[in-house]
Amino acid sequence: MRASVPVLIAPFLALCTSPALPDPVHEHPAGDPELLGAVEFQTSCVPEVQEPFARATAMLHSFWYEAARDAYQAVATGDPQCAIAWWGVAMSYWQPLWEPQGPNPDALRDGLEAVRAARAVGGGSPVERDFIAAIATFYENAGTVGHRDRVLAYEKAMEAVHAAHPEQTEARVFYALSLLGSAASLPPDKSYRRQRKAGELLMPVFESRPEHPGAAHYIIHAYDYPALAQRGLEAARRYAAIAPDSPHAQHMPSHIFTRLGLWDDSIRSNRKVIQVARKYGDVGEELHGTDYLVFAYLQKGEDDNALAVIEDMPKAPVTGVKQFSGTYAQAAIPARYAVERRQWKEAARLPEPTGFPGGRYAWANAAIHFARALGAARSGDPEQAAVDVEALGACIETLERHDETYWATQVEIQRRAAAAWLALAEGREDEALESMRSAAELEGTTDKHPVTPGQIVPARELLAQMLLELGRPEEALTEFEAVLKAEPNRFGPLSGAARAAELAGRPDTARARFTQLVAVAPDSRRQEVREARDYLSRSVASKTGVN
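Residues numbered from 1 in each chain as written. Predicted model: local features only at pLDDT ≥ 70, side-chain atom pairs only at ≥ 80, totals over all residues. Heavy atoms only, no water.

This next bit is on the overall build of the chain. Of regular secondary structure, the chain possesses 26 helices and zero strands. Along the three orthogonal principal directions, the C-alpha set of the chain runs to about 85 × 50 × 40 Å. The buried share of the chain, reckoned over its 547 residues, is 61%. With the model as given, the accessible surface of the chain reaches about 20,700 Å², and the carbon-plus-sulfur share is 51%. Positive and negative charge centroids in the chain, built from 57 and 73 side chains respectively, lie 4 Å apart. (Helix = DSSP H or I, 4+ residues; strand = E, 2+ residues; numbered from the N terminus. Buried < 20%, exposed > 50% of the residue type's maximum accessible area, 1.4 Å probe, protein only. Areas by Shrake-Rupley, 256 points an atom, 1.4 Å probe, with all protein chains shown as cover. Lys, Arg positive; Asp, Glu negative; His and termini not counted. Charge placed at Lys NZ, Arg CZ, Asp CG, Glu CD.)

For the rest of this paragraph, the subject is helix 5 (residues 126–139). With 14 residues, helix 5 extends 20 Å from end C-alpha to end C-alpha; this agrees with the ideal 20 Å at 1.5 Å per step. Regarding helix 5, the residues found buried are Val127, Glu128, Phe131, Ile132, Ala134, Ile135, Ala136, Phe138 and Tyr139. Of the surrounding secondary structure, the elements contacted by the buried residues of helix 5 are helix 3 (83–92), helix 4 (105–121), helix 6 (147–164) and helix 7 (169–185). (Expected span 1.5 Å × (residues − 1). Contact = heavy atoms within 4.5 Å.)

Time to look at empty space enclosed by the protein. Taken as a whole, the largest cavity encloses approximately 130 Å³ of empty space. Along the walls of the largest cavity sit 14 residues, with Met91, Trp94, Pro96, Tyr154 and Leu177 positioned nearest its centre. At the level of elements, helix 6 and helix 7 are the ones that each hand at least two residues to the lining of the largest cavity. With five residues, the single largest contributor to the lining of the largest cavity is helix 7. (1 Å grid on protein atoms, 1.4 Å probe; cavity = no way out; pocket = protein on both sides within 12 Å on 5 of 7 lines; lining within 4 Å. Points joined across faces, edges and corners; volume = space filled by probe spheres on them.)

A separate point is the environment of Arg336. Secondary-structure assignment places Arg336 in helix 16 (residues 323–340). Between the alpha carbons of Arg336 and Leu463 there is a distance of 17 Å; along the sequence they are 127 residues apart. Contact partners of Arg336, with chain neighbours within four places excluded, come to Asp291, Phe295, Leu298, Tyr328, Arg341, Thr452, Pro453, Gly454, Gln455 and Ile456.

This part covers the packing of aromatic side chains. With the rule as written, the count across this model stands at 27 aromatic pairs. Arranged with centres 5.3 Å apart and planes meeting at 85 degrees, the rings of Tyr65 and Trp98 form a pair that is edge-to-face. With Tyr65 in helix 2 (residues 65–78) and Trp98 in the loop between helix 3 and helix 4, this pair connects stretches of sequence that are 33 residues apart. A residue is classified by how much of its surface remains accessible, and Trp98, at 9% relative accessible area, is buried. (Phe/Tyr/Trp six-rings, centres within 6.5 Å; stacked < 30°, edge-to-face > 60°.)

The subject of this paragraph is unusual backbone geometry. Of note, Tyr192 is a non-glycine position whose phi angle comes to about 55 degrees, a positive value. By the secondary structure assignment, Tyr192 is in the loop between helix 7 and helix 8 (193–208).

Here Glu285 shows up in helix 14 (residues 283–299). Of note is the side chain of Glu285, whose polar atom sits 3.2 Å from the side chain of Lys322. Sequence-distant contacts of Glu285, that is, excluding residues within four places in its chain, are made with Trp98, Pro247, His248, His251, Val273, Ala277 and Lys322. (Polar contact = N/O pair within 3.5 Å; in protein donor to acceptor, adjacent residues only side chain to side chain.)

Moving on to the pattern of salt bridges. Inspection of the entire model under this criterion finds 39 salt bridges. Arg526 is the salt-bridge partner of Asp303, the closest N and O atoms lying 2.7 Å from each other. Of the two residues, Asp303 is situated in helix 15 (residues 303–312) and Arg526 in the loop between helix 25 (507–520) and helix 26 (527–544); the sequence distance between them amounts to 223 residues. Taking the relative accessible area as the measure of exposure, Asp303 reaches 15% and is therefore buried. Notably, a salt bridge pairs Glu502 with Arg499, separated by 3.2 Å at the nearest N-O pair. Note that Glu502 and Arg499 are positioned in helix 24 (residues 491–503) at a spacing of three residues, about one turn of the helix. Residue class for Arg499 comes out partly exposed when judged on its relative accessible area of 39%. (Salt bridge = Lys/Arg side-chain N within 4 Å of Asp/Glu carboxyl O.)

Structurally, Val89 is set in helix 3. For Val89, a relative accessible area of 2% puts it in the buried group. Sequence spacing of Val89 and Gln73 is 16 residues, and the spatial spacing of their C-alpha atoms is 6.8 Å. Contact partners of Val89, with chain neighbours within four places excluded, come to Arg69, Tyr72, Gln73 and Ala114.

What follows concerns the layout of surface pockets. Space inside the second largest pocket adds up to approximately 860 Å³. If you trace the second largest pocket, you find 43 residues lining it, with Glu443, Thr446, Lys448, Gln455 and Glu487 closest to the centre. Broken down by secondary-structure element, the contributors of at least two residues to the lining of the second largest pocket are helix 12 (253–259), helix 18 (362–378), helix 20 (405–425), helix 21 (429–444), helix 22 (459–469) and helix 23 (473–486). Here the lining of the second largest pocket is composed, by residue class, of 25 nonpolar, nine polar and nine charged. (Nonpolar A, V, L, I, M, F, W, Y, C, P; charged D, E, K, R; others polar.)

What follows concerns the nonpolar core. Within the largest apolar cluster, 184 residues are counted, with the highest numbers of intra-cluster contacts made by Trp87, Phe131, Ile135, Tyr139, Trp363, Phe370 and Met436. Looking at this core element by element, the count peaks at twelve residues for helix 18. Excluding anything up to four places from it in sequence, Phe370 contacts Leu392, Gln414, Ala417, Ala418, Ile456, Val457 and Leu462. (Core = buried A, V, L, I, M, F, W, Y, C linked by side-chain atoms within 4.5 Å.)

The predicted model of the chain has a mean per-residue pLDDT of 92, with 93% of residues at 70 or higher. Predicted confidence for residues 1–15 stays below pLDDT 50, and this span has 110 contacts to residues more than four positions away or in other chains. Across residues 17–31, confidence stays below pLDDT 50; counting only partners more than four residues off in sequence or on other chains, it has 40 contacts. (pLDDT = per-residue confidence, 0-100.)

The next point concerns the environment of Pro96. Inspection of the secondary structure assignment puts Pro96 in the loop between helix 3 and helix 4. Given the relative accessible area of 9%, Pro96 is considered buried. Pro96 sits 232 residues away from Tyr328 along the chain, and the two C-alpha atoms are 17 Å apart.

Relative to each other, helix 14 and helix 16 sit at 20 degrees, their axes nearing to 8 Å. With respect to helix 16, the element helix 14 is oriented roughly parallel. The handedness of the crossing between helix 14 and helix 16 is left-handed. Where helix 14 approaches helix 16, its residues Gly284, Leu287, His288, Thr290, Asp291, Val294, Phe295, Leu298 and Gln299 are matched on the opposing element by Ser325, Gly326, Tyr328, Ala329, Gln330, Ala332, Ile333, Arg336, Tyr337 and Glu340. When its residues are assigned to classes, the contact of helix 14 with helix 16 shows nine nonpolar, seven polar and three charged. (Axes fitted to C-alpha atoms, helices over the stretch in contact; angles between N-to-C directions. Parallel < 35°, antiparallel > 145°, perpendicular 65-115°, else oblique. Left-handed = near helix turned anticlockwise from the far one by under 90°.)

Within helix 22, eight of the eleven residues are buried, leaving the element largely enclosed by the surrounding structure. What helix 22 keeps buried is the set Ala459, Glu461, Leu462, Leu463, Ala464, Gln465, Met466 and Leu467. Looking at the buried residues of helix 22, the elements they touch are helix 17 (344–348), helix 18, helix 20, helix 21, helix 23 and helix 24. Note on helix 22: the residue one or two positions beyond its end, Gly471, has a positive phi of about 75 degrees.

Okay, here's the thing in C-alpha cells:
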C-alpha cells in the first residue's frame, strides 16, 4: 500500500541561557494515503488497522513524527490489542538523526509510557514482540544509563531482530536506521563504518522494493558525506517521486545534490518542499528546505533570488518536533546571506539574537554572533568583534552545560575563526594565522550536521582568504582547493581559488577555475563573475593575438 500525512508547527532571534519553548498541541490533516510510498508491515492486529498501520510507518520513514504518532494512536484506538501500535508511538518520540543528543525529558517520559502500554497489551507475533523489546532498551533505563549507551544498546537489539527475522524487510530497514542513529550520536568516524554498513543493508530493499520510502531516505542519510555522496545519487533522484506528498521526501534529495554541487537540482527540490510543506502547514520543514534553497542560490551567485526566498519565509518562532531544524534555519539564513556575499558591514549590523530559545539551542545565537564578529572584524570595528567573540564563548559554555558536545565544538570553530580575524584587524598577524589554522584543523575532525547544507563559511575557506589578504596566494590556493574537494562548486572557494591562482602566476589553474565559476553561476551579477569573464576574455585575446 501507499500512504501520506503532515505536521504542524510554528518560529525566530534569545540569550544563550534562555529556556526552550514548550510544545503546543498539534492537529494533523489526513493527507493523501496514496502518496507516501509503499510499506508492507504485516502485524497480528485486526485487518481493519493493517493499512493505517502501514501508512503510519510510511510517515515514520519520512520523519513525519507527529503525524505518525497520531496515526499510530488511531490504530491503537481501532484495535486496543494491537501492541505494536504503541511501538510506533514510542519510535515517534525519538529523532535520532535530528537531535543526536537524545529526546528532551518530556519526550523520554512519553516514549517510556508508550513502551509500557505496549508491554501491558502484550501478545503479538514474535517479530512484533522483538521490535517492542528493542525500543524498550532505549527508553527503560533513561534515568540511569547515558544516551549514547542506550543508543548502542538499541542498535545491538535491532541487529538481533534482523538476525532473527532476516525475511522481515522492516527489521532490516530499522536496523539500518539504528546504525545511522549510533553514528550520529558517537564521535566522528572518518571511515564511516556504520554508514557504509547501513547503505549495504538498504540497497537490496531499494532494488527489490522501489517504492519503499525508508530505503531511499536512509540511503541518502547513509551517504550524506563527501566521500560517499555519489553512491546516494540514484536514491536522491528517486525518493521525491516515491513519496510526493511528504515535504521531507521532497527535501532529502537536496542533501546529495548539495554534497555534489548540483545547485539547479537542489533548487528544484527545495522549491517543491516549500510548496508541499505549505499544503500541510509544516513550517519546520518549509524552513529547513528554505535554508538549503537559499544556500543553493548563493552558490550560484543569484543573490536576488535568495533574497526573495528570505523575504517570503516564515518568521514566527518554531516549536514542537521541528523546533531544531526550523530554529537552525532561521538563525543560519540571515547569517549566511551576509557572509556568503562578503558584505561585512551588513553582517556586523545583523540584529542581536534575542528571540531564539537558547539553552541546548544556543548554537542558533552563535550563528548570529559569528556573522556579526566576522563582519565587524573585517569592516574596521574590532571593539564590536570582541564583544561577539566573547558571546560565542558564552554560547559554548551553555552548550557544554547541556551536554551538546557536537554543537559546542562547532561554535568553538566559529569562535577561533572570529578571534583570528579580530587578531588580524588588530595587527597580530602571527596570532591570527595560528588561530585560523587551528579552527580549520578542528573543523576537519568533524562532519557537518544533516540540519545544515553547509557551514556559514568553512573555516578552511576563511584561512585561505586570510592567506590571500596577507599576500600568500600559493598557500591560499592550496587551502581553497582543499575546500573544493569536500564541497564542489561552492561559489566562495571557486572564486577564491581562481583569484589565488591568478596572483600565484598559475594561468592554467586560474583559467580552469574562472571557467568553472562562470559555468556554475552563469546568471550571477556579482563582481567576481564579471572579473572571471574579463579574465577569460583577456586570456582568449592573448592566445589569439588580439589587442
